[in-house]
Structures are given as structure tokens and as C-alpha cells.
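Per-entry structural report
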Amino acid sequence: FIFGVLLTVVFGFAESVTDVRALFIGAVMTATSIGITARVLGDMRQLSTPEGVTILGAAVLDDIVGILILTIVVGLAYSGEVSSSSIGLVALKAIGFWLLLTTLGILPKEHISRLVCGFRGMGASIGLAMAMAFFAAALAESFGLAMIIGAFSMGLALSGTELSKRLEEPLHALFAMLVPIFFVVMGMLVDLSSMGGIWVFGVVITIFAVIGKLIGSGLPSVLAGFNRKGAWRIGVGMLPRGEVALIMAGIGFSKGILASDLYGVTILMTVVTTVIAPPILSASF
């Protein structure tokens, strides 16, 4: 996050460290794609290793922190004012909303699961689950927060229930249909002609995105008792930004926070970190 903010200012794409554009680039750089790392570790049967468990746990927490940062930045963009008081107010609102929504989902989650599973009609369970996710997203948007925090909170609340097990197989079909469309749409929003002289900034951001994760995840791993090989695996496992960063970048672009050139930079950083991480992680095992 700090690397992203400072580099955006140094390269002249933001006026100060409190500029919403700088804060947004920092927010995108915090993301970690748990799906990509989990797939690689799963294919190698390394999910249950100390490194695998640590990576997955850290990636989930990383996504939560990243989404909260994103929500705060979007709230600041709505308010048009960046000061210590406005940051504190938006942060309080974002964290409060997330905790409240997640708690309201966790407490009755077994009742919700039984109620939804009680519908026997074809596709009823997945339809109702999607409706709850969309409702939570709309609720977050109505509070001036990023809609992803609503959907994420609902999924988090209902995870581990019978409903989540029941939805796993039908969601794979939905995943196979929608994910390619998502990636294509995100890519089509990139205007290469508008990037011009911003390629240097994109390369620098990408390099620091790699360094930030390797040091930020690897060094604490050594301090926690992992050897250098284990710390390297954890650092590499946290590298890919994947779909989370793309969602963040898409929100910034759609709300006019990121211009097409900065949006292109975030896509470049996301693609490179997502492509290089799996082969390096596989080789590290």
C-alpha cells in the first residue's frame, strides 16, 4: 500500500499522499488472489502443509483488509474531502458496516442455510444465495461504500454451512461461464494508446508489487519460525493479485477515480504478478 501511494506521487500522477488516486493505487496493490494460489497448492497437494495453511489464512485476511481499504478510499472519493477526520469517519463507517453485516449473517447462518436448502425447486438454492449477495452489495452501495464489501461479507457469513456445500458444484458451472467474460471485459477497458509514456511507471509499480509481497510476507514468516525456503514459498504464494485487484481497479475506473492510463497500469501489474506466481510457487515446492 505504501509503495503504491508513494510511487504514484513520485511519478506525478497524484498531487500528494492524500490524493485519492494515490490511495487507490495503494489499495489495489494490497490485494492477493486466494483462488489462484489455492488452485496451484491444491494441484500439488500442498494445501495442508504449514506454508499452504499460512498462505491461505493470510490471503483471506489480506483480502478483508484490502477490501476495507478500498471501501474507505471509495468513501473518501464520494465525500471529496481527504483529512484525518474524514478518513477516520469513513473508516469507522466501513468497518462498522462490515462487522454489522457479517455478524447479522453469522448469527442466524444455520437458520438461513436450512431455510434456503428447504426450497426443492431446481436452481432455488443458488438463486436465493445470489439474491442475498446482490442485496448485501446494494446495501453497501447505498451507504456509499464499495459493493464488493457487501457480497464478500455475505459469502463470509454463510461459509461453512450446509448451504455452502450444496452450492459448491452448481457454482462451478456459473464460475466457468462468468469468469472468462469478467476477464475479457476488464481487459477491453484498457486503452493501450492512452498509456503512452506511462509504461515506465507501470513497470516500476509491478516490480514494487512483487518486492512488497516478498518482503512483507517473507520476512514475518522468518520471524514466525519458518526457514528461508518456507518464507520464500509464502512470499511467492501471496504474489498474484488476480480477480480481487481487477475488481478494485474496475470500481476505481467506473467511478472516475482512475483515468484510463492508471487503470492500464493496475491491469499490467495484476497480469504480471498473476502470471509469474504459479510457476515460481510450483518450482519452490
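Every value quoted in this text rests on a predicted model; they were computed, and no experiment measured them.

1. Concerning the layout of surface pockets
Quantified by volume, the largest pocket comes out at close to 2500 Å³. Contributing elements (two or more residues each) for the lining of the largest pocket: α3 (34-43), α4 (50-79), α7 (124-142), α8 (147-158), α9 (162-188) and α13 (242-254). Counting residues per element, the lining of the largest pocket draws most heavily on α9, which supplies 14 residues. Residues of the lining of the largest pocket, tallied by class, amount to 33 nonpolar, seven polar and four charged. What the second largest pocket holds in volume is close to 370 Å³. Elements represented by at least two residues in the lining of the second largest pocket include exactly α4 and α11 (199-223). Sort the elements by how many residues they give to the lining of the second largest pocket and α11 lands first, with eight residues. Of the residues assigned to the lining of the second largest pocket, the class counts are 12 nonpolar, six polar and three charged.

2. Focus: the packing of aromatic side chains
The geometry of an aromatic ring pair comes down to the distance between the two centres and the angle between the two planes. What the rule picks out here adds up to five aromatic pairs. Ring plane angle 50° and centroid distance 5.1 Å describe the contact between Phe 11 and Phe 201, whose orientation is recorded as tilted. Linking Phe 11 in the loop between α1 (2-10) and α2 (20-29) with Phe 201 in helix α11, this pair joins segments that are 190 residues apart in sequence. Since its relative accessible area comes to 32%, Phe 11 is described here as partly exposed. For the pair Phe 182 and Phe 183, a centre-to-centre distance of 5.4 Å together with 65° between the ring planes defines the contact as edge-to-face. Judged by relative accessible area, Phe 182 falls into the partly exposed class, the value being 24%.

3. Focus on unusual backbone geometry
One non-glycine residue, Arg 45, lies in positive phi territory at about 55°. Counting through the fold element by element, Arg 45 comes out in the loop between α3 and α4.

4. Quick look at the environment of Ala 77
Secondary-structure assignment places Ala 77 in helix α4. Linking Ala 77 and Ile 257, residues 180 residues apart in sequence, is a C-alpha distance of 7.3 Å. Residues in contact with Ala 77, not counting those within four places in the same chain, are Val 20 and Ile 257.

5. Some points on the environment of Pro 170
Looking at the secondary structure, you find Pro 170 in helix α9. Its relative accessible area of 33% is what places Pro 170 among the partly exposed residues. Spatially, the C-alpha atom of Pro 170 lies 7.4 Å from that of Ile 126, the residues being 44 residues apart in sequence.

Reading the values: the criteria
Residues numbered from 1 in each chain as written. Predicted model: local features only at pLDDT ≥ 70, side-chain atom pairs only at ≥ 80, totals over all residues. Heavy atoms only, no water. 1 Å grid on protein atoms, 1.4 Å probe; cavity = no way out; pocket = protein on both sides within 12 Å on 5 of 7 lines; lining within 4 Å. Points joined across faces, edges and corners; volume = space filled by probe spheres on them. Helix = DSSP H or I, 4+ residues; strand = E, 2+ residues; numbered from the N terminus. Nonpolar A, V, L, I, M, F, W, Y, C, P; charged D, E, K, R; others polar. Phe/Tyr/Trp six-rings, centres within 6.5 Å; stacked < 30°, edge-to-face > 60°. Buried < 20%, exposed > 50% of the residue type's maximum accessible area, 1.4 Å probe, protein only. Contact = heavy atoms within 4.5 Å.

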